[in-house]
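Topology and contacts: notes
This is what each chain is made of:
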Amino acid sequence: MSETAKLELEGKVYELPVIQGTENEKAIDISKLRDTTGYVTLDSGYKNTGATKSKITFLDGEKGILHYRGYSIEQLAEKATFLEVAYLLIYGELPTQTQLDAFRNSITKHTLVHEDMKQFFEAYPAKAHPMGVLASMVCSMATFYPESLDPNRSAEAKDLTIHRLIAKLPTLAAWSYKNAIRHPFMYPKNDFDYCKNFLYMMFGMPTEDFKVDPVVVEALNKLLILHADHEQNCSTSTVRIVGSSNANLYATISAGISALWGPLHGGANQEVIEMLEKIHNDGGDVDKWVAKAKDKEDPFRLMGFGHRVYKNFDPRAKIIKKACDDILEKLGVNDPMLDIAKKLEKVALEDEYFKARNLYPNVDFYSGIIYKALGIPTEMFTVMFALGRLPGWVAQWKEMTENKEPIGRPRQIYTGATSREYVPIEKR
Ligand code: SDX
C-alpha cells in the first residue's frame, strides 16, 4: 500500500501521509493540510472523517463485525458480565479474578448518592423525563466531589472519579424513575450484583422482599454489554470533544447523556416502541407505514432502522432479536409489538427503497421490546442505553486524556455576507 496520497491543487502536487490500522482501515492524514496547501476539508456530519486513533472498539459496517478490545460482541454477550466488560473497555484487558473482585468491591462501595442530592429530585415535576434528570444529576456530581474537577490528577484519583460514576449512575437512574412515579427511593444493596441491584432500586418496595427472575437479570446483563461501546458515535464524539477542553469527567459524561437523548441516536429505542404502538393502534397495517417512511413529503421515519456505519446487519440487533424470542418465551410474555416489529422488518428488507439505502434494523429496533418485557417503562429506555454506554464513554475519555489529544476545534467554510459598513438604524 502506498505510504502517501497525492493531491493536486492549483497545479501543485502534494503528498499526504497514509496510515493503516490493525484491522486494515486506511486514512489520509490531513493534520498538516491547511499549513501546506491553505485548504481545509469539508465533511458535514463527519461521515468520512476519522477524529482519532483508538484501541478500544472496532466495527466493520460491511461485515457486521463489532469487537471490544479485540473480543467479539457475540462472545462477550454470551460469556461475560457487564462489570467485566466495563473493566475490559476502560483498562484494556479482561480482568483476572483478583482485579475483577477489586473493581467490583470499589464499585459496590460507592453506590450511595450524597443525601443532599436527594433534594434535587424532589424539585422535578412528576413525569420529568429521566434523561433530563440524569444529565443534570451527573453534572452536579462534580460539585459534590471537587477532587474530580482536575481530570488529570493521579491514576488513583482518576480511578476513584470513574468508579464513583459507574457505581452511582444506576442509583441516579433508578431514583429518577422512582421520583417520576412518586414512589419511595430504594437504597442500593451491597450483596446484590450490578444488574440485580439496579432492578431492586427500580422495582423494589420497602414493604416487601425483593424477588426477581434470574432470566430478567441475565437479559439486562446482556443488553448492557451490547450497548457498552460503539467507537466514535454521536454521544462518544461529544464526550471526546467536551473532555478535550479538560472539563471534568462528570460534566463530560453529562454532555454525552444529552447527545444520546436525541431521537436519531439513543432516543430511538423509545421512539421505536412508540412507533410500534402507533402502528398497532392504527390497525397494524405495516405496508401503510413503510410507504410513509419512503415518502419524502412525510416526516415519518422507520425508527430503529438505518445506521451511519452498518450497511449490512447490526450484529447487536441480530443478538437482541434472538434474545427477544428467548426472553419473552421464558417470561411467558406475548407482546403484539414483537409481531409488528418482525412484520415491519420483513416488509422493509424486501423493499427496494430500504435495500438501495442499506437500511437494516439497528440496536434500537428490538431492544425496547425486551426492556418492556422486563418491566422497564418506555421513558427509561434511553436511560438504559446510557447505563450500558457509560463504560464506553469513560474508556474513550480516558484514552483521549492519556494520549494528551489536542482540544477539539474544527474549521469551517464561511458563506455569509462579506465585509460591509454599519448602517445607522434610521437609514435601514
Ligand atoms: C444509534 O453511530 C452509532 O454507532 C449509533 C449507535 C451507537 O451504538 O452509538 O449505533 C446507536 O444511534 C443507532 C441509530 C438509532 N436511530 C434511529 O434508528 C433513527 C432512524 N434512523 C435514521 O434517522 C438514520 O438512519 C441514522 C440517523 C441512523 C443514520 O443517518 P445517516 O447515516 O445520516 O443517513 P441519512 O439520514 O443521510 O439517510 C440516508 C438515506 C436518506 O434517504 P435519501 O436522502 O438518500 O433519499 O436513507 C434514508 C434517508 O431519508 N433513511 C431512512 C431512514 N434512515 C435513513 N428512511 C426511512 N427510515 C429510516 N429510518
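What you see is a predicted model; the values in this text were computed from it and never measured. (Residues numbered from 1 in each chain as written. Predicted model: local features only at pLDDT ≥ 70, side-chain atom pairs only at ≥ 80, totals over all residues. Heavy atoms only, no water.)

Focus: the pattern of salt bridges
- On inspection of all chains with the given rule, the structure shows 19 salt bridges.
- Residue Glu-402 is joined to Lys-158 by a salt bridge in which the shortest nitrogen-to-oxygen separation is 3.6 Å. In this pair, Glu-402 is assigned in helix α18 (residues 381–402) and Lys-158 in helix α7 (residues 155–180), connecting sequence segments 244 residues apart.
- Residues Arg-240 and Glu-405 are paired through a salt bridge, measuring 3.5 Å at the closest nitrogen-oxygen approach. Within this pair, whereas Arg-240 is found in helix α10 (residues 234–243), its partner Glu-405 is found in the segment after α18, the two being separated by 165 residues in sequence.
- Looking at Arg-240, the relative accessible area reads 8%, which means it is buried.
- Connected via shared salt-bridge partners are Lys-158, Lys-398 and Glu-402. (Salt bridge = Lys/Arg side-chain N within 4 Å of Asp/Glu carboxyl O. Helix = DSSP H or I, 4+ residues; strand = E, 2+ residues; numbered from the N terminus. Buried < 20%, exposed > 50% of the residue type's maximum accessible area, 1.4 Å probe, protein only.)

Some thoughts on the domain arrangement of the protein chain
- Once the domains are mapped, the protein chain shows domain 1 (4–65), domain 2 (70–265 + 378–402) and domain 3 (282–373).
- Taking only C-alpha atoms into account, the centre of domain 1 sits 33 Å from that of domain 3.
- Taken together, the contact pairs nine residues of domain 1 with seven residues of domain 3.
- Its largest share of buried area at the contact with domain 3, domain 1 owes to Leu-59, Gly-61 and Gly-64, together 56% of the area lost on that side.
- Where domain 1 packs against domain 3, one counts zero salt bridges.
- For the pair domain 1 and domain 3, the interface holds four residue pairs in polar contact (both at pLDDT 80 or more).
- Residues that form the side of domain 1 that touches domain 3 fall into these classes: two nonpolar, three polar and four charged. (Domains from an automatic or database assignment. Contact = heavy atoms within 4.5 Å. Buried area = accessible area lost by both parts, 1.4 Å probe. Polar contact = N/O pair within 3.5 Å; in protein donor to acceptor, adjacent residues only side chain to side chain. Nonpolar A, V, L, I, M, F, W, Y, C, P; charged D, E, K, R; others polar.)

Quick notes on the nonpolar core
- Among the nonpolar cores identified, the biggest contains 121 residues, and Tyr-68, Phe-198, Ile-253, Met-275 and Leu-276 are the most heavily contacted of them.
- For this core, the element with the most residues is α18, which contributes twelve residues.
- Split by domain, this core shows at least three residues from each of two domains, domain 2 (70–265 + 378–402) and domain 3 (282–373).
- In this view, Met-275 contacts Phe-300, Arg-301, Leu-302, Met-303, Leu-344 and Phe-365; residues no more than four positions away in its chain are not counted. (Core = buried A, V, L, I, M, F, W, Y, C linked by side-chain atoms within 4.5 Å.)

Re the packing of aromatic side chains
- For the coordinates displayed, the defined rule picks out 20 aromatic pairs.
- An angle of 75° between the planes, with centres 5.4 Å apart, marks the rings of Tyr-200 and Phe-210 as edge-to-face. Of this pair, Tyr-200 sits in helix α8 (residues 194–203) while Phe-210 sits in the loop between α8 and α9 (214–226), placing them ten residues apart in sequence. As far as the burial class goes, Tyr-200 and Phe-210 line up, both buried.
- Aromatic rings pair up to connect Phe-305, Tyr-353, Phe-354, Phe-365 and Tyr-366 into one cluster.
- Above the ring of Tyr-200, the side-chain terminus of Lys-189 is found at 5.7 Å from the ring centroid.
- In this arrangement the basic side chain of Lys-318 is found over the ring face of Phe-313, its NZ or CZ atom lying 4.3 Å from the centre. (Phe/Tyr/Trp six-rings, centres within 6.5 Å; stacked < 30°, edge-to-face > 60°. Lys NZ or Arg CZ within 6 Å of the ring centre and 35° of its normal.)

A look at the site of the ligand
- Lining the immediate surroundings of the ligand are 25 residues, of which His-230, Arg-301, Leu-302, His-307 and Arg-316 lie closest.
- Contacts to the ligand include Phe-305, whose backbone N or O atom sits 2.8 Å from a nitrogen atom.
- Within the side chain of His-307, a nitrogen or oxygen atom sits 2.6 Å from an oxygen atom of the ligand.
- Two domains each provide a minimum of three residues to the shell around the ligand, namely domain 2 (70–265 + 378–402) and domain 3 (282–373). (Near = heavy atom within 4 Å.)

A few points about the layout of surface pockets
- Within this model, the second largest pocket holds a volume of roughly 250 Å³.
- Glu-78, Lys-222, Lys-322, Ala-323 and Asp-326 are the residues nearest the centre of the second largest pocket, which is lined by 13 residues in total.
- Among the elements that take part in the lining of the second largest pocket, helix α14 (residues 315–331) stands out by supplying seven residues, more than any other.
- Among the residues forming the lining of the second largest pocket, the class breakdown is five nonpolar, no polar and eight charged. (1 Å grid on protein atoms, 1.4 Å probe; cavity = no way out; pocket = protein on both sides within 12 Å on 5 of 7 lines; lining within 4 Å. Points joined across faces, edges and corners; volume = space filled by probe spheres on them.)

Topic: unusual backbone geometry
- Within the chain, Asn-246 stands out as a residue other than glycine whose phi angle is a positive 70°.
- We classify Asn-246 as partly exposed; its relative accessible area is 44%.
- A positive phi angle, close to 50°, is found at Asn-358, a residue other than glycine.
- Mapped onto the elements, Asn-358 comes out in the loop between α16 (352–356) and α17 (363–373).
- Residue classification places Asn-358 among the partly exposed positions, given a relative accessible area of 29%.

With respect to the packing of helix α6 (residues 130–144) against helix α11 (residues 249–261)
- Two elements in contact, α6 and α11, have axes separated by 7 Å at closest approach and are oriented at 170°. Accordingly, the angle class assigned to the pair α6 and α11 is roughly antiparallel. Counting all contacts with α6, which are made through Met-131, Gly-132, Leu-134, Ala-135, Val-138, Cys-139, Met-141 and Ala-142, the residues of α11 involved are Tyr-250, Ala-251, Ile-253, Ser-254, Ile-257, Ser-258, Leu-260 and Trp-261.
- Taken together, the residues that form the contact of α6 with α11 break down as 13 nonpolar, three polar and no charged. (Axes fitted to C-alpha atoms, helices over the stretch in contact; angles between N-to-C directions. Parallel < 35°, antiparallel > 145°, perpendicular 65-115°, else oblique.)

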